[in-house]
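# Coordinates in review
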Amino acid sequence: MIEKIHALWPEIALLITTCFVMVVGLSPKRENRQLCAPLSGLGLIIAGVLAAMTTPEIHSPLGHLAMYGKVLVAGVGLLLLLLIVGIADREYEAQVSRGVLFDAIRSTRAEFYSFFLFSLTGLMLCAGADDLIWLFLALELTSLPTYVMVTISTQRNRSMEAGVKYFFLGALGAAVFLYGFALLYGGTGQTNLSGIQEALARQAAATGHINTIAMVGLIVSILGVCFKIAAVPMHFYTPDVYQGAAAPVAAFLAFVPKTAGFFAIMLLTSTVGWHFVGPGESGPVGHSLPETLRITLWVIAAATMTVGNVLAILQQSVKRILAYSSIAHSGYMLVGVIAGPGKPGSGLGDNGLGAVLFYLLCYGVMNMGAFAVLACLERTGADGLPEEIDSVADLRGLCQTRPVLGWVMVLSSMGLLGLPPLLGFFGKVPLFTSAIAAGEVPLVIVLGINSAIAAYYYLRLAAAPMLESADAKRADVAPVPFPTRRVAGVLSAAGVVVLAVVGGPVGEEAAKAARVEGTAVAADPTAPAPTKPLVRTDEGR
């Protein structure tokens, strides 16, 4: 138990911060209530430092994931915090400033920032999970606050509708992967991930394959987790929820649940491992998951990236375009999961899991810039309430009328496309190269075709502010009175450029975090399980 606590200092720091935010957010004094965001930022900085300094190696097939994952969460969480400022109680605080007596029951500031921190805490717990029970609780702690955040992000009915859809489909997804966890426990007699890995390796060594219950449990678990990453067939909620939520909350959904889902999928697949396929250890021609699992993930990846990109072409709402883009990017990252960790000591170019971890950072930074532009501009709706811009037509001429925001959208869109020399290009290349090294050439072709399809709508998002003239009929758009949102957009756009230049060390850390310990289950049902670890354990470290 003491060892567990030593691994949880970042989460403990966030929990303590959340308790302070809960109290401060309900203070009758406005000056105290406004401390919610600074306190949350301070807590994230402390959690990030603690993650880098105190996180030990977890006894798990992906024991090196915890530190990288927690630092990633703290860093991107700080950018998201800048973006969400001004959502909670905007209209109510305006009423209070006009003389309405403050009523804590009507205030949602404390709850909103607390749920924000709770969700990030759950995401950190996902990165350090070493047990199915822990992983389930962490996934739910990540997801449950987001249902409320979506619902209260605006005062419009569409936010409540989006929250209800998200909640019920989220409950379905949780039920599916929890049932898969139960089957996995039934097939191995273990809930600890390392114990499951050892049990599956013993089964493969004794019988030449793992038992059907365990394999079905693994597949069902991954299908349930597909809800978190918005992958086919659990993707239907995504465009409606993104469009119904405020833009900062949609940016939060695009990163936090998706990252939690990929952490979970990587942890689950690492229990069976990636077996080298080829003439021998000296010159492998590829490596693969057990065939049933590989085919399942292959179909999901191909369908996800294709559905996301094709349907994004048909949209006029920028939020819906980014929602389908989010679906497509999940398909891209699943390619890295299929490719696996590569040969022992391989760099990011041959390490599919490392490529996924690095791409999560790239996607989080690039995607946030696009949503920041939507969050920075608004008009007065028919009901008299402020309403964010959302149509592609609202972006026309933005580089001329509001150059900073216009170029943030251009850089973010081009980064998401993967245009060199921006960050997205350097994030996407390792997905290609690792899949080629794993022998997944047909999947690489699908990935390439979909990247070309995506160019249509990303170029559309870039051309509207850069090449088109402003629409005089849309001159009622005004900036929001929250400068931190503009700062978040500028930092995201800067990250698209700067990380492309100096992101090499981050990629190396991602490759190190993706090392899989233990024994892989043989991909060939008739072959014995390999007797050597798939990846070096760095003895003597």
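Here the structure is shown first, and the text comes after it.
Here is a short report on the structure shown in this document.

Rules behind the numbers
Residues numbered from 1 in each chain as written. Predicted model: local features only at pLDDT ≥ 70, side-chain atom pairs only at ≥ 80, totals over all residues. Heavy atoms only, no water. Pairing = 2+ DSSP bridges. Helix = DSSP H or I, 4+ residues; strand = E, 2+ residues; numbered from the N terminus. Core = buried A, V, L, I, M, F, W, Y, C linked by side-chain atoms within 4.5 Å. Buried < 20%, exposed > 50% of the residue type's maximum accessible area, 1.4 Å probe, protein only. Contact = heavy atoms within 4.5 Å. Arc of directions from axis to C-beta.

As a further point, take the pairing of strand β3 (residues 377-380). Here β3 pairs with strand β5 (residues 478-479) via two bridges, running antiparallel. Residue pairing across strands places L377 opposite P479, the latter belonging to β5. Where β3 and strand β4 (residues 386-388) come together, three bridges link them in antiparallel fashion. Of the residues in β4, the one forming a bridge with R379 is E387. Where β3 folds back on β4, the antiparallel hairpin that results is connected by five residues, among which G384 adopts a positive phi of roughly 85°.

With 167 residues, the main nonpolar core has F116 and L357 as its most contacted residues. At 20 residues, helix α16 (residues 352-376) tops the list of elements feeding residues into this core. Apart from the residues within four sequence positions on either side, L357 is in contact with L65, Y68, F263, M266, A510, A513 and A514.

On to helix α6 (residues 90-97). An α-helix turns once per 3.6 residues; consequently, residues spaced three or four apart project the same way. Restricting attention to buried positions, one finds in α6 the residues Y92, E93 and V96. Angular distribution of buried residues about the axis of α6 spans 100°; they occupy a single face of the element. On its buried side, α6 packs onto α3 (30-33) and α7 (109-127). Once α6 ends, the next one or two residues include G99, with phi positive near 115°.

Keep in mind these numbers describe shape, not what the thing actually does.
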